[in-house]
Amino acid sequence: MTTGHRPTPRGVTGPPVPQPQVARARAHRVRHQDFGGLSPPPLGGWTPTLTVTVVIPAHGRQETLDLTLAALAAQTYPAGLTDVVVVDDGSAVPLRLPEITPARTRLMSGPPGGWGRAHALQAGIEAATGEVVFVLDADMVPHRGHVEAQLRWHHLAPYLVTLGWIDFTSGDRLPSPARVRAAVRDGEEGSLFPLSPLRHDWAEKIIDDHDGLRAAPSSLAGRVHVGATAAYPAALLRSIGGLDTSLVLAEDTELGYRLTQAGAVFVPDPDSRAWHVGLPTAMRDVAGLKRFNDPYVADRVPYRRYLRADAGRQWRVPYVDARVPAGSYEDVRATVDALLAGGVPDIRVTVTGPWASLDAGRRSPLRDPDLDLRLVHATFAHDPRVRLTDAAPWEPAGDPGRPPAGTPVVAPFRLLVPPGWVVARDTVERLVGRLEEHDGGVLCLALEETPEETVEETVEGTAAGVVVARLERTSALSRAALVAEPGEHPDDVLDELFGLEWLDGAEWGFTRRPPVYPPRRRPPGEAERLAARHQREITLLRKRTAALRAEVAQLRRQAGRSERAAARWREKAETWRREAVRLARARERTILRRAVRRVRGLAFPDP
């Protein structure tokens, strides 16, 4: 991507990077998904310091829960840094803690008002006290270094999400908890169960095809997030609201999407192995699970474009959040209308302005100082695709300093457009495609230069003035907010992490709005435009057909004249041929007579 001097954006500016709430050491900066620059210590060769809470949601499955806890009791990660929370998700027979458990293990019931894995897991997250939350399902039997293998990564950067490596077994015959603890303690976990040939092939293929996930694009990396064994920075997990408790399935998929938007880097670790006792639903009934999950995933994960093929549909989470600052009525309306009429149907437009200042008190309707603001409000207040919000500083998708209430709606892309500029129908789609092609962080589109008298100073003190539109990747903004140092320009951080590219706005379909807006006549609809275009094409073809017919008629006349001329020439040629034959024969007779006379003269000379 091309980078370079940053002109001062006029009308729309990049987001300020929020400053950290407390002093912290400089965080390691992972570019895109490439965590290869991190060097985790070897297992057993380092000293951990982070506390971890292992959260186990469980509904029934007392037998396998006993094995999970027995294996956790033999982990290499220090027991003094570990505690375990088991959440009973309304089991018919209440769960109990077995005899063999880690030293600090507690059992709690899921809170009333909900049910399902996400509901129980969220309760465990809220009860967790560790700096890292380690989620483990109640049918998992982790190997001896399972927790340590993942926790060593969390000591390197505060925004890593680690994923364990799962081996499946049928679980027809279960060993005793004592046998499990002994095998895990002695490193003989492989002898506990027969290995099933079934695996998470789809996830392992994504990992293998992208250099262990280090080369995976942002829109793909979170897809491998399988929550049966995963560890999260507690602050990051809480900053995005934790689990979506309205989901009873596909909660892992949805959480992986929001973690991506929060700037997380996903790290699968093959050294963090665990047995999965019994086959999961995803392997027992693939078609049924997909049929159930697709509507929920389509509504919440915009990356799954194939699930949003229905034209004109609106979804809970938009693909692009376009932001337009309040300005003159005509400018704002033209910009918003063009965005809504574009080729990306799942776009949401946010118009920022001091809407709270609009009151219902008596005023002069035509001389109201807030007239333009009122007209914009009247135009879009009831359009579900448009939000009217107060201008507020940008906040990352996951802000550890301000955990949200519930799960926030976060689009993967944010487009900032100054009022008065309109986009072509395919502009937004092309720009998103460009950003996705390079997994870039920001596209800056230069729209026009400003006069010298309106130029402002840039952060570096260079005088420059340019009206700019920006397309920003939400995950890049969030990552930059997590690692930025005080005083750093946000674009410098974004460029380092994901790349920043400058483009010519005119080449990508940005133009000034028409002088008269809104139009006094309703713009023709798509069907009308197509019908008019087809009619023009038909008229043009008819003209071409008439011209061709006239040309054919002329050629036929010319051909007729040519045929008659040819007939005359054929007659003349035949006459000439006959004359030539006659002359040739006459000449031959003359020559023959002369020859005969000469022969006679020689044979019979005159006396």
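Residues numbered from 1 in each chain as written. Predicted model: local features only at pLDDT ≥ 70, side-chain atom pairs only at ≥ 80, totals over all residues. Heavy atoms only, no water.

Of all residues in the chain, 89% attain a pLDDT of 70 or more, and the chain-wide mean is 87. The secondary-structure element of the chain with the lowest mean pLDDT is strand β16 (residues 456-457), recorded at 40, while strand β5 (residues 132-136) shows the highest, at 98. Predicted confidence for residues 1-24 stays below pLDDT 50, and this span has 73 contacts to residues more than four positions away or in other chains. For the stretch residues 453-463, pLDDT sits under 50, and the model shows 19 contacts to residues farther than four places along the chain or on other chains. (pLDDT = per-residue confidence, 0-100. Helix = DSSP H or I, 4+ residues; strand = E, 2+ residues; numbered from the N terminus. Contact = heavy atoms within 4.5 Å.)

Here the focus is the pattern of salt bridges. Two side chains bearing opposite charge may form a pair once their charged atoms approach each other closely. Following the criterion strictly, the structure yields 40 salt bridges and no others. Its salt-bridge partner being Asp 167, residue Arg 199 comes within 2.9 Å of it at the nearest N-O pair. Of the two residues, Arg 199 sits in the loop between α4 (177-185) and α5 (201-209) while Asp 167 sits in strand β7 (residues 160-169), which places them 32 residues apart along the sequence. Residue Asp 167 is classed as buried on the basis of its relative accessible area, which comes to 7%. With a closest N to O distance of 3.3 Å, Arg 333 and Asp 337 form a salt bridge. One end of the pair, Arg 333, and the other, Asp 337, are both in helix α11 (residues 329-340), four residues apart, so they sit about a helical turn from each other. Judged by its relative accessible area of 23%, Asp 337 falls in the partly exposed class. Through salt bridges with shared partners, a single network forms among Arg 117, Asp 137, Glu 251 and Asp 252. (Salt bridge = Lys/Arg side-chain N within 4 Å of Asp/Glu carboxyl O. Buried < 20%, exposed > 50% of the residue type's maximum accessible area, 1.4 Å probe, protein only.)

It is worth spelling out the packing of aromatic side chains at this point. Inspection of every chain in the model, using the stated rule, returns seven aromatic pairs. We note Arg 305 situated over the ring of Tyr 319; from NZ or CZ to the ring centre the distance is 3.7 Å. Above the face of the Trp 569 ring, Lys 572 is positioned so that its terminal group lies 4.9 Å from the ring centre. (Phe/Tyr/Trp six-rings, centres within 6.5 Å; stacked < 30°, edge-to-face > 60°. Lys NZ or Arg CZ within 6 Å of the ring centre and 35° of its normal.)

In spatial order, the strands read β4-β3-β2-β5-β8-β7-β9-β6; together these eight strands make up an open sheet with mixed pairing. Among the strands making up the open sheet, the edge pair consists of β4 (105-109) and β6 (140-142). Taking each pair of neighbouring strands and ignoring which way they run, the sheet shows an average axis angle of 30°. Bridging between strand β3 (residues 82-88) and β4 involves five bridges; their strand directions are parallel. (Pairing = 2+ DSSP bridges. Axes fitted to C-alpha atoms, helices over the stretch in contact; angles between N-to-C directions.)

The subject of this paragraph is unusual backbone geometry. Geometrically, the link from Tyr 517 to Pro 518 is a cis peptide bond, its omega value of 0° lying close to zero. Within the secondary structure layout, Pro 518 lies in the loop between β19 (511-512) and α16 (526-603). A positive phi is found at Leu 213, a non-glycine position, where the angle reads about 85°. When you line up the elements, Leu 213 lands in the loop between α5 and α6 (218-221). Relative accessible area serves as the criterion here: at 0%, Leu 213 is assigned to the buried category. Even without being a glycine, Ala 250 presents a positive backbone phi close to 65°. Note on placement: Ala 250 falls in the loop between α7 (234-239) and α8 (251-261).

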